[in-house]
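In case you want the letters, here they are:
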Amino acid sequence: GSYKDVLHCFGYPGNHQFFHLINYTLYLLIGKHQWAMGVVFILSHASLCYLIYRTFRYLMEMLGVDSGGLVALFAAIFTALSPYVIETITWDACFHYILVSGLVFGALNCLLRFWKTNERAWLYYHLGLFFLALFTLELALVAPGIFVVYLFLLAWSKDEFKRFFSMCLWLIPVYVA
């Protein structure tokens, strides 16, 4: 194969171009060294758990939840032990699960930061990560629903429904497009 084959997902009938780009690059860098790939998977898994911790801690701080750091820690521990995500480490396969989870949680983190700061750069990071997630695994198709639910929770906690509906009017068409 070559990078040209990434465009057509090496013959696979899905739109996983970003996943294949990352996976093929790792293959070119590491080759068939299973232990090295295992280290990459372990580091990716640990990074995902840390990202989940940071995202939920940020959310808990925004909501003013007491012991929010502890709630975030439990979310990260649950992820660390979740069979769905740990499958990558166990079987040295299914890397796209960790990759798409990282992209979706990264997008959520950026969306929360945009909500709090109203800095457009966070919105662009959010949309960029979501776009990459769409070309990683179909699981990302449910992400807009998750994003809207979290925005609704923030709007409900701060009584900012006008801002929520205003944001949804232009954000949901972007997700659907």
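No experiment lies behind these values; they were computed from the predicted model shown. (Residues numbered from 1 in each chain as written. Predicted model: local features only at pLDDT ≥ 70, side-chain atom pairs only at ≥ 80, totals over all residues. Heavy atoms only, no water.)

With that out of the way, let us pick up the packing of helix 6 (residues 95–117) against helix 7 (residues 120–134). At a minimum axis separation of 8 Å, helix 6 and helix 7 run at an interaxial angle of 160°. Relative to helix 7, the element helix 6 lies roughly antiparallel. Note on packing geometry: the crossing formed by helix 6 with helix 7 is left-handed. Here helix 6 contributes Val100, Leu103, Val104, Gly106, Ala107, Leu108, Cys110, Leu111, Arg113, Phe114 and Thr117 to the contact with helix 7, which in turn contributes Arg120, Trp122, Leu123, Tyr125, His126, Leu129, Phe130, Leu132 and Ala133. (Axes fitted to C-alpha atoms, helices over the stretch in contact; angles between N-to-C directions. Helix = DSSP H or I, 4+ residues; strand = E, 2+ residues; numbered from the N terminus. Parallel < 35°, antiparallel > 145°, perpendicular 65-115°, else oblique. Left-handed = near helix turned anticlockwise from the far one by under 90°. Contact = heavy atoms within 4.5 Å.)

Glancing now at the packing of aromatic side chains. The full count for this structure, using the stated rule, is 15 aromatic pairs. Plain terms: the ring middles of Tyr50 and Tyr53 are 6.5 Å apart, the flat faces sit at 35° to each other, and that makes the pair tilted. On the criterion of helical spacing, the pair formed by Tyr50 and Tyr53 is a turn pair, its members being 3 residues apart in helix 3 (residues 34–63). Judged by its relative accessible area of 19%, Tyr53 is buried. When the centroid spacing of 5.6 Å and the interplanar angle of 70° are considered together, the rings of Phe152 and Phe164 count as edge-to-face. In this pair, Phe152 sits in helix 8 (residues 143–158) while Phe164 sits in helix 9 (residues 161–176), placing the two residues 12 residues apart along the sequence. Note on Phe152: relative accessible area 37%, which makes it partly exposed. Note on Phe164: relative accessible area 5%, which makes it buried. (Phe/Tyr/Trp six-rings, centres within 6.5 Å; stacked < 30°, edge-to-face > 60°. Buried < 20%, exposed > 50% of the residue type's maximum accessible area, 1.4 Å probe, protein only.)

Scanning all chains against the criterion turns up 2 salt bridges. A salt bridge links Arg163 to Glu160; the nearest nitrogen and oxygen atoms lie 3.4 Å apart. Judged by relative accessible area, Arg163 falls into the partly exposed class, the value being 26%. Using a relative accessible area of 27% as the deciding quantity, one classes Glu160 as partly exposed. (Salt bridge = Lys/Arg side-chain N within 4 Å of Asp/Glu carboxyl O.)

In terms of nonpolar packing, the biggest core is built from 47 residues, with Trp115 and Phe147 touching the most fellow members. When contributions to this core are tallied by element, the ones reaching two or more residues are helix 2 (17–30), helix 3, helix 4 (68–81), helix 6, helix 7, helix 8 and helix 9. With sequence-adjacent residues up to four places away left out, Trp115 is seen in contact with Met62, Leu151, Leu154, Ala155, Glu160, Arg163, Phe164 and Met167. (Core = buried A, V, L, I, M, F, W, Y, C linked by side-chain atoms within 4.5 Å.)

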